[in-house]
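A look at the structure
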Amino acid sequence: MSPHPRQVVILLPASVHLLDAAGPAQVFVAANDVGGTYRVSFFAERGQVVAHQGLGLVADEQLPDLGPRDLMLVAGQRSDFGRITGRPAPAPAQFSASIRTALITHHAAGGEVGSICSGARTLGLAGLLDGRNCTTHHELVGQLQQEFPLARVLMDRLFVTDDRVHTSAGVASGVDLALDLVAGDHGPRVAAAVAHTLVLPLRSGAHSSQLSVFLTFRDHL
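The shown structure was predicted, so the numbers you read here are calculated from the model rather than taken from an experiment. (Residues numbered from 1 in each chain as written. Predicted model: local features only at pLDDT ≥ 70, side-chain atom pairs only at ≥ 80, totals over all residues. Heavy atoms only, no water.)

Quick word on the packing of aromatic side chains
Applied cut-off: Aromatic rings from Phe, Tyr and Trp, with only the six-membered ring used for Trp, were paired whenever their centres fell within 6.5 Å, and each pair was classed as stacked if the ring planes differed by under 30 degrees, edge-to-face if by over 60, and tilted otherwise. Working definition: helices are DSSP H or I runs of at least four residues, strands are E runs of at least two. Numbering for both runs from the N terminus. Exposed residues in this analysis have more than 50% of their type's maximum accessible area, buried residues have under 20%, and partly exposed residues fall in between, with area computed by a 1.4 Å probe over protein chains only.
Summed over all chains, the structure comprises one aromatic pair. With a centroid separation of 5.0 Å and 50° between ring planes, the pair formed by phenylalanine 28 and tyrosine 38 is classed as tilted. Here phenylalanine 28, found in helix α1 (residues 18–31), pairs with tyrosine 38, found in strand β2 (residues 38–43); they are ten residues apart in sequence, far enough to count as distant. Accessibility classification places phenylalanine 28 together with tyrosine 38 in one group, the buried group.

Overview of the packing of helix α5 (residues 173–186) against helix α6 (residues 188–197)
A pair of packed helices is captured by two measures, namely the crossing angle of their axes and the spacing between those axes. Defined as follows: The axes are straight lines fitted to the C-alpha atoms, using for helices just the contacting stretch, and the angles between their N-to-C directions are given from 0 to 180°. Contacts between residues were defined by any pair of non-hydrogen atoms, one from each residue, lying within 4.5 Å. Just so you know the grouping, Ala, Val, Leu, Ile, Met, Phe, Trp, Tyr, Cys and Pro go in nonpolar, Asp, Glu, Lys and Arg go in charged, and all remaining residues, Gly too, go in polar.
Contact geometry of α5 with α6 gives a least axis separation of 7 Å together with a crossing angle of 145°. The segment α5 lies against α6, with Leu179, Val182, Ala183 and His186 engaging Pro188, Val190, Ala191, Val194 and Ala195. Among the residues forming the contact of α5 with α6, the class breakdown is eight nonpolar, one polar and no charged.

Remarks on the pattern of salt bridges
What counts is decided by this rule: The salt bridge definition used is simple: a Lys or Arg side-chain nitrogen within 4 Å of an Asp or Glu carboxyl oxygen.
Taken as a whole, this structure holds six salt bridges when the rule is applied. Here arginine 121 and glutamate 147 are joined by a salt bridge, their closest N and O atoms 2.8 Å apart. Of the two residues, arginine 121 is situated in helix α3 (residues 120–125) and glutamate 147 in helix α4 (residues 141–147); the sequence distance between them amounts to 26 residues. Under the relative-accessibility criterion, arginine 121 is labelled buried at 14%. Residue classification places glutamate 147 among the partly exposed positions, given a relative accessible area of 33%. We note a salt bridge from aspartate 162 to arginine 152, for which the minimum N-O separation is 3.7 Å. Note that aspartate 162 is positioned in strand β9 (residues 159–162) and arginine 152 in strand β8 (residues 152–153), a separation of ten residues in sequence. According to the relative accessible area criterion, aspartate 162 is buried, its value standing at 17%. Residues participating in the shared-partner salt-bridge network are Arg6, Glu112 and Asp185.

Thoughts on unusual backbone geometry
In the Ramachandran plot, aspartate 163 falls in the positive-phi region, its phi being about 55° despite a non-glycine side chain. With respect to the secondary-structure elements, aspartate 163 resides in the loop between β9 and β10 (165–168). Of note, the phi angle at valine 199 is positive, near 60°, even though the residue is not glycine. Along the chain, valine 199 falls in the segment after α6. According to the relative accessible area criterion, valine 199 is exposed, its value standing at 69%.

Focus on the pairing of strand β5 (residues 71–74)
Test applied: A pair of strands is considered paired only if DSSP assigns at least 2 bridges between the two.
Burial along β5 is two-sided: the face carrying Leu71 and Leu73 and the face carrying Met72 and Val74 are both buried. Looking at chain direction, strand β1 (residues 6–11) and β5 are connected through four bridges and run parallel. Considered in β5, the bridge of valine 8 is made with leucine 71. Here four bridges tie β5 to strand β6 (residues 112–116), and the two strands are oriented parallel to one another. Note that in β6 the partner of methionine 72 across the bridge is valine 113.

In structure tokens:
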């Protein structure tokens, strides 16, 4: 591994979805075995969070020193999108203003920021979606567009990159985004090797639909 690997800091909100954080982390760590150069760390404001799935997670309480090559990635969290009650869901809890400032400062210095699923709201609150293309989970697109009217929230996209701001749809799409970032850093052969290691038969691109044709008949009807 290079003596100066690219740092990827995954920010863990309360009630984080495990796959939102673990999926991208798995990609970057696996990339190190096939030519990648990444240092993955996790951050939580109080040093620990309990995932929505019930697992307690311990993380760093301080952000590391980051350079322009590095990535701050906000994981998504549990949010009742009103699917059950039919009522508008309350906005999920987000990070403090100091963390949003850290995201703004990092991006302004040439760094990269990103989000998985509902983590896009943190970027929106930081003003990092204004005037940019972005996406989120298909059940959150309307809510995100309403709250941040200056953003261009794209429907039915697995992930979107605009001016070093990376946003992705729900849960497993974080893996697709991470693979795309690996491909950009180290080429498609390294990304393909990682996908092979993770037993991913298909590596989806940015323009792939969230509602894949391969899932059309995987339902409960």
